[in-house]
Amino acid sequence: GDQVKQSPSALSLQEGTNSALRCNFSIATTTVQWFLQNPRGSLMNLFYLVPGTKENGRLKSTFNSKESYSTLHIRDAQLEDSGTYFCAADGGSGNKLIFGTGTLLSVKP
Amino acid sequence: GPKVLQIPSHQIIDMGQMVTLNCDPVSNHLYFYWYKQILGQQMEFLVNFYNGKVMEKSKLFKDQFSVERPDGSYFTLKIQPTALEDSAVYFCASSLGNWASYEQYFGPGTRLTVL
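The following paragraphs examine the structure supplied in this document. These numbers were taken from a predicted model, which means no experiment stands behind them. (Residues numbered from 1 in each chain as written. Chains lettered and ligands numbered in written order. Predicted model: local features only at pLDDT ≥ 70, side-chain atom pairs only at ≥ 80, totals over all residues. Heavy atoms only, no water.)

### Thoughts on the pattern of salt bridges
At step 1: Enumeration over the complete set of coordinates arrives at four salt bridges over all chains.
At step 2: The shortest N-O distance in the salt bridge between B:Glu56 and A:Lys96 comes to 2.7 Å. Taken together, the residues B:Glu56 in strand E6 (residues 53-57) and A:Lys96 in the loop between strand E9 (83-89) and strand E10 (98-99) connect one chain to another.
At step 3: One salt-bridge network, held together by shared partners, links B:Lys62, B:Glu85 and B:Asp86. (Salt bridge = Lys/Arg side-chain N within 4 Å of Asp/Glu carboxyl O. Helix = DSSP H or I, 4+ residues; strand = E, 2+ residues; numbered from the N terminus.)

### A short note on the sheet that holds strand E8 (residues 69-74) of chain A
Residues and elements named next belong to chain A.
At step 1: Judged by pairing direction, the sheet is antiparallel, and its five strands sit side by side in the order E1-E3-E8-E7-E6 without closing on themselves. Two strands close off the open sheet at either side, each with one partner strand: strand E1 (4-7) and strand E6 (52-56). The mean angle between the axes of side-by-side strands here comes to 15°, regardless of whether they run parallel or antiparallel.
At step 2: Strand direction decides the pairing type here: E6 and strand E7 (residues 59-64), joined by five bridges, are antiparallel. Bridge pairing links Gly52 to Phe63 in E7. (Pairing = 2+ DSSP bridges. Axes fitted to C-alpha atoms, helices over the stretch in contact; angles between N-to-C directions.)

### Overview of the sheet that holds strand E3 (residues 19-24) of chain B
Residues and elements named next belong to chain B.
At step 1: Read across the open sheet, the four strands follow the order E1-E3-E8-E7; overall the sheet is antiparallel. Strands with a single pairing partner mark the edges of an open sheet, and in this sheet they are strand E1 (5-7) and strand E7 (65-68). Averaged over all adjacent pairs, the angle separating strand axes in this sheet is 20°, with direction ignored.
At step 2: For E7 and strand E8 (residues 75-79), the ladder comprises four bridges, and the chain directions are antiparallel. Across the sheet, Ser66 pairs through a bridge with Lys78, a residue of E8.

### Details of the state of the cysteines
Residues and elements named next belong to chain B.
At step 1: In total, this model carries two disulfides over all chains according to the counting rule given.
At step 2: A disulfide bridge connects Cys23 with Cys92, and the sulfur atoms are separated by 1.8 Å. Taking the torsion about the S-S bond as the criterion, the Cys23 to Cys92 disulfide, at about -65°, is left-handed. Here the residue Cys23 occupies a position in strand E3, and Cys92 occupies one in strand E9 (residues 88-95), the gap between them amounting to 69 residues. (Disulfide = S-S within 2.5 Å.)

Below is the structure:
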């Protein structure tokens with residue numbers, strides 16, 4: 001079954017609005033990574049998290065290990081934020097990533 | 001951020017042939033990984049590699065797959081022989097690999113098409 005579940009699977013946002021993506025884990029994980037995959041397929045690192053919160057510009061991410069979830073908040077969405085967002089759990093070992101199914105985000109003018 | 005390079009970006013081969021995918025990881029990283037992504041799906045872990053050895057592999061890492069990194073050169077994934085179901089994008093990743101950071105950085109991928 002899906003060890004890392006992402007929601008929603010797809011999302012359409014108006015430019016300038018805010019939204020949140022979520023990742024639920026059914027496996028133990030000590031760290032979480034968030035990536036943005038652009039339409040050409042390249043992966044950009046967004047966050048590497050231990051339990052807690054990090055912020056970078058218009059993005060903020062939280063990893064709650066006790067309740068087994070992570071969120072990615074996007075503030076003031078821009079056209080270039082479009083792409084597929086993946087979260088990934090380290091499975092507790094740190095030596096491999098288990099990816100979620102992704103959230104396809106489309107930001108419209 | 002740190003850059004991982006992959007060569008080639010695309011490869012088209014006939015079923016049954018051998019293919020080698022090359023990865024140039026971040027220079028001071030110690031752990032190396034291969035992942036497979038079929039179009040429209042999530043990335044799936046294949047194998048990790050540390051200190052010249054495979055540490056862990058998934059059930060997707062078939063007997064026809066092998067990895068090596070001879071003398072600090074490219075980290076390679078070899079498939080011999082290839083099958084139709086091997087068509088996918090293969091991503092290489094690397095990480096520093098200590099408890100300070102297991103953050104993985106990914107290359108741009110090699111799109112493999114097996115005909």
